[in-house]
Amino acid sequence: MFYITAGGASGQHDFCHIKKVIDDMKFDCQLTDHTEELGVLSVQGPQSRQLLQGLTSSDLSDAAFPFGTHQVIDIAGESVRAVRLTFVGELGWELHIPQSSCSRVYNALMDAGEEYGIVNAGYRALDSLSIEKGYRHWHEDVRADDNPFEAGLGFVCKLNSDVPFLGRDSLERQKSVGLMKRLCCFTVDNHQMLYGLEGIWRDGVCVGYLRRADYGYWVQKSIGYGYVSHPDGIAVNQQFLRDGQYTIEVMGDAIPATLHTQSLFDPKNERIKGIYQQVKNLYVDYM
C-alpha cells in the first residue's frame, strides 16, 4: 500500500496521471482519493519540534523520525499522520488529520504554541517562503513541457541505478545532448515588484520570461524564476548562464537583475535539519 500526497493545485492532475498508468499497464491495484476526508496543518519553524513533542507521546527526534518519513502519532489525544517535510525550508511536520479531528488538533496547537509565539500563515506566505528557498511550483516553475533536468530536479531521477521509470529513456537522451533551457533564479535590488511573465534579457537579447515571481521578505528583494534559452538555439550550459549580464523587462523598463545558481535561503539545508543560527517565529499554514 502506498500513501500519496499532492499539492492542492495539482491533485486532480496527479490522480488522473496515476490512474491512466494503472489502466494502461493493467496493474492489479486501486487508486482511492481520500482528500475530502482529511485536513492538513503544517507546523514549521525552529520550535516546531518542541511544540509538537509536548502534545504527543511519540519520539520526534532525528533518530526516531528522520526527514522525509511519516508516522501515525497522537496529537492531543487525536490520531494523525505526521509527515516530516517542508515547503518553506524550515524544521517542521505536516499533520494529515481526519476531518472530525481538525478543530481539536488546531486548537491544541494554538493553545500550546502561545508560549512560542505561534502565528497563522496562509498560502501567500507559503508562496513567498517557497520561492526564497527555491522549491518548485507545479504549473509555474514546472509544467508538462519541462523536464526534471531543465527544472534543476535531476536529483529525483534514479539514473545512477537500474530502476526503471516512465520517461527514463527520454531523460538519458536529453542528458547526452544537453539542455535547451534551464530554470534560473533572479533578484532585483530596487524593490521593483515582479508578478511573473516579465521578459528576461541577457546582454541585450531576450532569452526567456519569468514563470513565477514574488517578494522575499528574508532577502528583502523581489525574486523571479524563469527558463533561459540560448538565442542561437543551442544547449545552455553553466558558463553561458554565469557570463551574461541580465535585466528583467517590467512595463517596458529594463531593471538590472542578478542571477543566482543556488538557493537564496539556507543553501546548505541546515534549518530543515533543525540547525539554527537565529530563532524566528513559528507559524502554522493551512492547506
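Here, the structure is the one placed above.
As a starting point, this report considers the structure included with it. (Residues numbered from 1 in each chain as written. Predicted model: local features only at pLDDT ≥ 70, side-chain atom pairs only at ≥ 80, totals over all residues. Heavy atoms only, no water.)

Some remarks on the pairing of strand β6 (residues 181-188)
Applicable threshold: When a residue's accessible area, from a 1.4 Å probe over protein chains only, is under 20% of the maximum for its type it is buried; when over 50% it is exposed; and in between it is partly exposed. Every helix listed is a DSSP run of H or I at least four residues long, and every strand listed is a run of E at least two residues long, numbered separately from the N terminus. In this description, strands pair whenever DSSP reports at least two bridges between them.
Along β6, seven of the eight residues are buried, which leaves the element largely enclosed by surrounding structure. Bridge count between β6 and strand β9 (residues 221-229): eight bridges; the pairing is antiparallel. Looking across to β9, one finds that C185 is bridged to Y225. Bridge count for β6 against strand β11 (residues 253-260) is three bridges, and the pairing is antiparallel.

A few points about the nonpolar core
For clarity, the cut-off: Only buried Ala, Val, Leu, Ile, Met, Phe, Trp, Tyr and Cys residues count toward a nonpolar core, and they belong to the same one when joined by side-chain atoms within 4.5 Å. The contact rule is simple, with two residues in contact once any of their heavy atoms fall within 4.5 Å.
Within the largest apolar cluster, 21 residues are counted, with the highest numbers of intra-cluster contacts made by L52, W93, L95, V105 and L109. If you list the elements that add at least two residues to this core, you get β1 (38-44), α2 (48-53), β2 (70-75), β3 (78-83), β4 (92-98) and α3 (102-113). Residues contacting L109, with those up to four places away along its chain left out, are L41, V43, L51, L52, L55, L95 and I118. Judged by nonpolar contacts, the second largest core, of 18 residues, contains V188, L210, A213 and L241.

Looking at the packing of aromatic side chains
The criterion, for reference: Note on ring pairs: Phe, Tyr and Trp rings are taken, using the six-membered ring of Trp, and paired if centres are within 6.5 Å. Classes follow the plane angle, with under 30 degrees stacked, over 60 edge-to-face and the rest tilted. Remark: a charge is flagged as sitting over a ring if the NZ atom of Lys or the CZ atom of Arg is within 6 Å of the ring centre and within 35 degrees of the ring normal.
Applying the stated criterion across every chain yields a total of five aromatic pairs. Consider the rings of F87 and Y135, whose centres lie 5.7 Å apart with planes at 15°: the pair is stacked. Of the two residues, F87 sits in the loop between β3 and β4 while Y135 sits in the loop between α4 (123-133) and α5 (168-177), which places them 48 residues apart along the sequence. Sitting over the ring of Y227, K181 keeps its end group 4.9 Å from the ring centre.

Some words on the sheet that holds strand β8 (residues 205-216)
Defined as follows: Think of each axis as a best-fit line through the C-alpha atoms, taken over the contacting stretch in the case of a helix, with angles from 0 to 180 degrees between the N-to-C directions.
Pairing in this closed barrel of six strands is antiparallel, and the strands run β6-β9-β8-β7-β10-β11 around the ring. Mean inter-strand twist for the sheet, computed between neighbouring axes without regard to direction, equals 40°. Strands β8 and β9 of the sheet are contacted by α4, whose axis makes an angle of about 130° with β8.

Brief notes about α3
Stated precisely, the cut-off is as follows: Here the expected length of a helix is defined as 1.5 Å per residue gap, with one fewer gap than residues.
Spanning twelve residues, α3 covers 16 Å between terminal C-alpha atoms, matching the ideal 16 Å at 1.5 Å per step. Turning to α3, its buried residues are V105, A108, L109, M110 and G113. On its buried side, α3 packs onto β1, α2, β2, β3, β4 and β5 (119-121).

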